[in-house]
Amino acid sequence: MVEIIKEKVDSIEFRVLSPKIIKAMSSTKIITPELYDADGYPVEGGLMNLRMGVIEPGLRCRTCGGKVHDCVGHFGYIELARPVVHIYYVNFIYDALRCTCAKCGRILLDDKSLERYKLKMKVMSKQRGKFEQWDVSHEVISKAKTISVCPHCNEKKIKLKLKKPSSFYEDKVRLTPIDVRERLERIPDEDVELLGMDPVGGRPEWMVLTLLPIPSTTVRPSITLESGQKSEDDLTHKLSDIVRTNQRLYENLNAGAPEIIIEDLWDLLQYHVTTYFSNNVSQIPPARHRSGRPLKTLAERIKSKEGRFRKNLAGKRVNFSARSVISPDPNIGINEVGIPEIMASKLTIPERVTSWNIDWLKEFIKSYPKYPCALYVFTPEGFRKKVTEETKEVLLQELAIGYSVERTIQNGDIVLFNRQPSLHKMSIMVHHVKVLPYKTFRLNLTVTDPYNADFDGDDMNLHVPQTEEARAEAEELMDVTTQIISPRLGTPIVGCKQDHISGLFSLTGKDSKFNREEAFQLLSRAGVYDSNLKFDKEGMAEGKEIFSQILPKDLFYVGKSGTCKKCATCKKEECTTDSYVKVDKGQLLSGVIDDKSVGARKGLLLNDIAKKYTPKEVSTYLQRMALLGIATLDIRGFTVLSSDNDLPEETVKEIKNVISKSLSSVNTVIKNYEDGELVSLPGRTLRETLEQKIIMLLNQSRNQVGSLVLSNETKETGSSIMTKSGAKGNLLNLAQMAGCVGQQVLRGFRITRGYNDRPTPHFKKGDLGAAAHGFIRHGYKGGLTPSEFFFHAITSRDATMDTSMRTPKSGYFQRRMINAFQDFRIDMDSSVRASDGHLIQFAYGEDGIDVSKSDAGSIDVERLVREVAES
Amino acid sequence: MAEEEKKENVESNAEVKEEEPTIDILSHSYVPKFEILPQEEVEKILKELKVDRLHLPKILMTDPVVKLLNAKVNDLLKITRKSYTAGTSIFYRVVVNV
């Protein structure tokens with residue numbers, strides 16, 4: 001059985017294995033490269049020999065007698081015919097050889113300084129620690145390296161060179177690993193200590209291997225393929241290479257073969273041992289499999305992303321999960337997820353059989369191959385039985401209380417839905433299953449924000465919780481409806497998006513009216529069937545009236561829409577732009593609904609609803625808003641045309657005039673500068689003043705173009721609805737399309753780089769004018785000149801590079817911050833404390849406010865007063 | 001060994017003296033208001049927060065502000081800072097030796 005050791009680890013120290021220990025910890029000596037004999041039985045003295053642990057069930061270990069899982073395996077060893085340098089110790093060996101005498105083995109420093117360093121080391125190890133102690137060793141090594149005559153025996157040091165990766169040359173003579181080992185052996189124990197090693201725990205000569213420990217077969221199990229053929233692990237392949245070369249070297253040594261052959265074989269052995277430790281040492285070609293794939297040897301097993309830590313220990317694979325492309329479905333609930341039937345028929349939930357559900361569960365077994373069905377049955381003893389056409393009847397007979405049935409997921413089941421990168425708690429939320437045709441996951445558009453998802457090919461993952469506890473906890477804590485308010489923003493992160501906002505905006509606009517038929521059509525689309533709509537004399541219902549039907553009956557709200565002009569004194573209900581949004585007792589009295597009321601992240605009306613009502617109610621109100629918006633667009637029609645941004649001829653002329661005017665004023669400023677008449681601003685040079693003035697003038701002109709474009713927007717077009725409602729796009733986008741793109745800015749300045757004194761050869765040297773430094777006077781629709789296009793490409797490229805370099809960097813920074821902060825908590829007195837009791841902040845966020853319970857980070861006192869006064 | 005350390009100490013002291021600020025840093029707009037908390041209030045605060053000095057944020061003895069205030073080790077400094085979220089916020093730091 002597995003022995004559990006209950007001992008607290010105080011410290012761990014890594015040392016070099018001595019040949020003695022290697023021999024002592026081994027159970028067998030490997031002498032032959034063959035793995036199996038003709039019968040397929042492991043060869044005695046081979047690499048798969050049965051003394052090194054069992055991997056086949058039924059067999060027993062020849063060393064400890066244990067069965068497959070009892071025996072953890074035992075080391076073996078190879079006696080190398082000639083010693084070989086350990087590749088990971090080459091640098092240390094190089095240092096040790098250079099700072100010791102080749103003849104007497106002492107460190108090349110006089111006794112007095114050696115004594116001093118010894119004392120320093122003692123003090124360091126006592127007062128500080130290992131690392132500081134090693135700092136002394138580094139000092140010793142770097143000092144001794146430079147000395148060329150041994151102070152102890154007056155021997156002259158010959159310059160030693162390391163020829164990468166692992167051979168040493170003294171002048172042109174090569175030192176064999178035997179020579180190296182001999183020299184290291186000569187270093188006396190006290191000097192070894194000064195080099196940072198422990199003479200008992202790790203002598204430097206042990207870094208030149210004479211014995212090689214062989215890991216047990218359990219570390220490198222062979223796989224039997226379906227064809228009956230055995231496939232060996234990469235490590236076994238490498239080890240058999242080592243044993244084979246070693247054997248050949250032995251034979252040649254015994255036969256007294258010429259020096260060259262011996263040396264070649266020795267180098268080959270060195271190569272194999274080196275690649276056994278690490279298969280990507282520079283200057284060494286990686287050892288390859290027969291197929292050409294590089295072998296995965298010891299270091300590669302552990303190192304980097306594909307290694308043991310990051311691949312197997314920090315990250316694991318799971319069952320009961322699915323992944324697919326996502327696509328939108330505005331008609332499913334905000335806390336639902338559409339699951340393709342193929343997936344639903346394979347994902348299961350274990351259900352315990354009780355007297356209440358036995359008949360219900362039997363139906364699942366009965367319907368077996370057809371979708372809602374059971375895939376496995378578990379007996380009370382824990383045996384798993386697969387449901388098949390053949391076993392169906394038997395299982396139906398057998399099924400009794402105490403059994404459990406793994407049934408496929410169906411509508412209403414709880415699943416976790418996730419999109420990477422998971423930077424939020426809202427990146428994994430609970431959704432309710434809705435089985436749908438086709439092969440993509442479907443999700444409601446209002447939850448794209450928390451996942452940061454779009455539908456240009458994004459994939460998402462889905463997990464099925466397997467126990468009642470997990471499901472209950474997940475639904476309570478992670479359901480989409482409980483996550484509507486973001487704890488970062490303090491406002492809803494689940495909210496209306498593009499079309500919903502455009503739709504609600506045109507629905508609640510000033511003269512928006514619908515006839516009886518349309519009005520009820522809209523409401524039924526939104527899921528409202530019992531309304532008390534008021535119609536006017538002509539039998540028309542106002543859009544605001546229709547919107548009011550989906551609001552809670554006791555809602556009170558005052559806010560402003562994005563169309564607000566920010567007048568000095570607000571005219572409130574009499575606002576000319578209909579920007580004063582007022583809801584009283586669930587009636588929208590004035591104001592147009594836009595993203596500032598219902599949009600994700602900034603919708604304050606939605607925020608008030610989310611704070612006041614239960615999660616379930618909030619989700620239905622939100623769902624109704626979204627559906628009503630879409631339904632409005634369905635009735636009204638919504639389209640974006642290129643001609644939306646067309647301007648009448650006079651406006652085009654005006655824009656031209658504005659730009660020409662500002663260009664000429666730029667020219668006069670430049671002339672002033674050249675004539676020396678320009679007065680510099682405080683703290684600026686003359687040149688800087690000029691740049692500032694030019695940029696100011698050009699920006700002014702673009703702003704004027706913007707207001708010209710805006711003043712022209714008299715009729716309601718798709719583009720204007722989108723920009724006004726905040727659904728998508730802004731005034732700048734419109735101005736850049738219809739009017740003028742404006743000045744291109746590179747790192748905060750006009751574009752100056754390129755040729756000498758000019759960006760491109762199309763301009764005169766030293767031209768300071770607007771056009772020569774990246775001002776684009778045309779709009780996207782009108783078309784850019786070649787020079788303008790080039791300037792635009794400069795800034796575009798800079799922006800693209802900037803985002804593609806910054807995103808991974810800032811992501812990693814964020815990750816590090818999260819890891820550093822992960823076990824801070826907010827105490828009952830609202831102070832932030834670390835897990836060890838350290839006080840981090842005396843009041844969370846300095847004001848002690850829980851953002852998720854606030855209104856966008858602060859407390860809306862006015863509203864609180866009003867609510868108290870009302871109640 | 002011991003001599004060396006002494007030498008180093010003398011040197012470092014000399015450096016510190018040179019670095020002593022020549023302007024009144026306490027009145028600089030970026031430096032928040034520092035006060036040494038009176039002893040009786042220290043006890044009150046520690047009791048209120050239910051911590052000992054070990055768990056409070058530290059400030060080094062060698063900090064220019066600490067030197068100017070003439071604070072001793074284990075003194076509590078009350079810092080009143082301007083805060084983006086709360087207007088003003090209060091922070092405490094314990095003076096510690098290097």
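Reading guide: rules and limits
Residues numbered from 1 in each chain as written. Chains lettered and ligands numbered in written order. Predicted model: local features only at pLDDT ≥ 70, side-chain atom pairs only at ≥ 80, totals over all residues. Heavy atoms only, no water. Helix = DSSP H or I, 4+ residues; strand = E, 2+ residues; numbered from the N terminus. Rg over C-alpha atoms; globule rule 2.2 N^0.38 Å. Buried < 20%, exposed > 50% of the residue type's maximum accessible area, 1.4 Å probe, protein only. Contact = heavy atoms within 4.5 Å. Lys, Arg positive; Asp, Glu negative; His and termini not counted. Charge placed at Lys NZ, Arg CZ, Asp CG, Glu CD. Buried area = accessible area lost by both parts, 1.4 Å probe. Salt bridge = Lys/Arg side-chain N within 4 Å of Asp/Glu carboxyl O. Polar contact = N/O pair within 3.5 Å; in protein donor to acceptor, adjacent residues only side chain to side chain. 1 Å grid on protein atoms, 1.4 Å probe; cavity = no way out; pocket = protein on both sides within 12 Å on 5 of 7 lines; lining within 4 Å. Points joined across faces, edges and corners; volume = space filled by probe spheres on them. Nonpolar A, V, L, I, M, F, W, Y, C, P; charged D, E, K, R; others polar. Pairing = 2+ DSSP bridges. Expected span 1.5 Å × (residues − 1). Domains from an automatic or database assignment. Axes fitted to C-alpha atoms, helices over the stretch in contact; angles between N-to-C directions. Parallel < 35°, antiparallel > 145°, perpendicular 65-115°, else oblique. Left-handed = near helix turned anticlockwise from the far one by under 90°. Phe/Tyr/Trp six-rings, centres within 6.5 Å; stacked < 30°, edge-to-face > 60°.

On to the overall build of chain A, then. In terms of helices and strands, chain A carries 27 helices and 30 strands. Against the compact-globule benchmark of 29 Å for 871 residues, chain A has a radius of gyration of 39 Å, which places it well outside the compact range. With respect to the principal axes defined by its C-alpha atoms, chain A has extents near 115 × 100 × 55 Å. Scored against the burial criterion, the 871 residues of chain A give a buried share of 44%. Sequence-distant contacts, at least 24 apart, represent 65% of the contacts inside chain A between residues at least 6 apart. Of the charged side chains in chain A, 124 are positive and 114 negative, and the gap between their average positions amounts to 5 Å.

Before going further, it helps to spend a moment on the interface of chain B and chain A. The interface of chain B with chain A comprises 18 residues on the first partner and 15 residues on the second. Of the roughly 1,300 Å² buried between chain B and chain A on both sides combined, carbon and sulfur atoms contribute 58%. Inspection of the region where chain B meets chain A yields zero salt bridges. Seen at the junction of chain B and chain A, the total is four residue pairs in polar contact (both at pLDDT 80 or more).

Before going further, it helps to spend a moment on empty space enclosed by the protein. Residue and element names in this part refer to chain A. For the structure on display, the rule yields four cavities of 30 Å³ or more. One number sums up the size of the largest cavity: a volume of about 100 Å³. Looking at the largest cavity, the residues that line it are Tyr36, Pro42, Met48, Leu50, Gly53, Val54, Ile55, Glu56, Leu59, Thr217, Ser222 and Lys230. Tallied by class, residues from the lining of the largest cavity come to seven nonpolar, three polar and two charged.

On to unusual backbone geometry, then. Residues and elements named next belong to chain A. Here the bond from Lys164 into Pro165 is cis, since omega is 0°, no more than 30 degrees from zero. Along the chain, Pro165 falls in the loop between strand 3 (160-163) and strand 4 (167-170). In this chain, Gln420 is followed by Pro421 through a cis amide linkage whose omega measures -5°. Along the chain, Pro421 turns up in the loop between strand 15 (414-418) and strand 16 (428-436). Residue Ser304 is not a glycine yet carries a positive backbone phi of 50°. Mapping Ser304 onto the fold places it in the loop between helix 9 (298-302) and helix 10 (308-313). Since its relative accessible area comes to 52%, Ser304 is described here as exposed. A positive phi angle is found at Lys566, which is not glycine, with a value near 55°. Mapped onto the fold, Lys566 is located in the loop between strand 21 (557-560) and strand 22 (580-584).

Here we take up the sheet that holds strand 30 (residues 839-841) of chain A. Residues and elements named next belong to chain A. Strand order in the open sheet formed by three strands is 28-29-30, with antiparallel pairing between adjacent strands. What marks the edges here is a single partner per strand, and that holds for strand 28 (825-826) and strand 30. Both strand 29 (residues 832-833) and strand 30 contribute to a ladder of two bridges, which runs antiparallel. For Arg833, the partnering residue across the bridge sits in strand 30 and is Leu839.

Further remarks concern the pairing of strand 12 (residues 374-378) of chain A. All names here are of chain A. Strand 12 sits mainly inside the fold: four of its five residues count as buried. By the bridge criterion, four bridges tie strand 12 to strand 14 (residues 404-408) in an arrangement that is antiparallel. By the bridge assignment, Phe378 is partnered in strand 14 with Ser404. Direction of pairing for strand 12 relative to strand 13 (residues 384-386): antiparallel, over a ladder of three bridges. Among the inter-strand pairings, Tyr376 is bridged to a residue of strand 13, identified as Lys386. Between strand 12 and strand 13, which pair antiparallel one after the other, the connecting turn spans five residues, and Gly382 there sits at a positive phi close to 95°.

It is worth spelling out helix 22 (residues 649-675) of chain A at this point. All names here are of chain A. Helix length check: helix 22, at 27 residues, gives a terminal C-alpha distance of 39 Å against a target of 39 Å (1.5 Å per residue), a fit within 8%. What helix 22 keeps buried is the set Thr651, Ile655, Val658, Ile659, Ser662, Leu663, Val666, Val669 and Ile670. Taken together, the buried residues of helix 22 touch helix 23 (686-711) and strand 27 (775-776).

Before going further, it helps to spend a moment on the domain arrangement of chain A. Domain boundaries assigned for chain A yield domain 1 (84-205), domain 2 (321-482), domain 3 (498-636), domain 4 (643-784) and domain 5 (825-870). Spacing between the C-alpha centres of domain 4 of chain A and domain 5 of chain A amounts to 46 Å.

All right, on to the sheet that holds strand 21 of chain A then. The strands that make up a sheet pair up through hydrogen bonds in the backbone, lying either parallel or antiparallel. Residue and element names in this part refer to chain A. Taking strand neighbours across the sheet as the criterion, the three strands line up as 21-22-23 in an open arrangement whose pairing is antiparallel. At either margin of the open sheet sits one strand with a lone partner, and together these are strand 21 and strand 23 (587-590). When strand polarity is set aside, the average angle formed by the axes of neighbouring strands in this sheet is 20°. Bridge count between strand 21 and strand 22: four bridges; the pairing is antiparallel. Note that in strand 22 the partner of Tyr557 across the bridge is Val583.

Okay, the packing of helix 7 (residues 234-254) of chain A against helix 8 (residues 259-277) of chain A next. Residues and elements named next belong to chain A. Viewed as axis vectors pointing N to C, helix 7 and helix 8 meet at an angle of 160°, and their least axial separation amounts to 9 Å. Comparing the axis directions of helix 7 and helix 8 gives the class roughly antiparallel. Considering the relative orientation of helix 7 and helix 8, their crossing is left-handed. Between helix 7 and helix 8, the residues in contact are Leu235, Lys238, Leu239, Asp241, Ile242, Thr245, Asn246, Arg248, Leu249, Asn252 and Leu253 and Ile261, Ile262, Leu265, Trp266, Leu268, Leu269, Tyr271, His272, Val273, Thr275 and Tyr276, respectively. Of the residues that constitute the contact of helix 7 with helix 8, the class distribution is 14 nonpolar, five polar and three charged.

Moving on: the packing of aromatic side chains. Under the definition given, this model contains 12 aromatic pairs over all chains. Taken together, a centroid distance of 6.2 Å and an interplanar angle of 25° make the contact between Phe763 of chain A and Phe791 of chain A stacked. A residue pair is termed long-range when its members are at least 10 positions apart, and Phe763 of chain A in the loop between strand 26 (749-750) and strand 27 and Phe791 of chain A in helix 26 (residues 786-821) qualify at 28 residues. With a relative accessible area of 1%, Phe791 of chain A lands in the buried category. Here the aromatic rings of Phe842 of chain A and Tyr92 of chain B are separated by 5.3 Å at their centres, their planes lie at 75°, and the arrangement is edge-to-face. Taken together, the positions of Phe842 of chain A in the loop between strand 30 and helix 27 (861-870) and Tyr92 of chain B in strand 4 (residues 87-96) put the pair across two chains. Residue class for Phe842 of chain A comes out buried when judged on its relative accessible area of 11%. Looking at Tyr92 of chain B, the relative accessible area reads 11%, which means it is buried. Members of the aromatic cluster, joined through ring pairs, are Phe417, Phe441 and Tyr451 of chain A.

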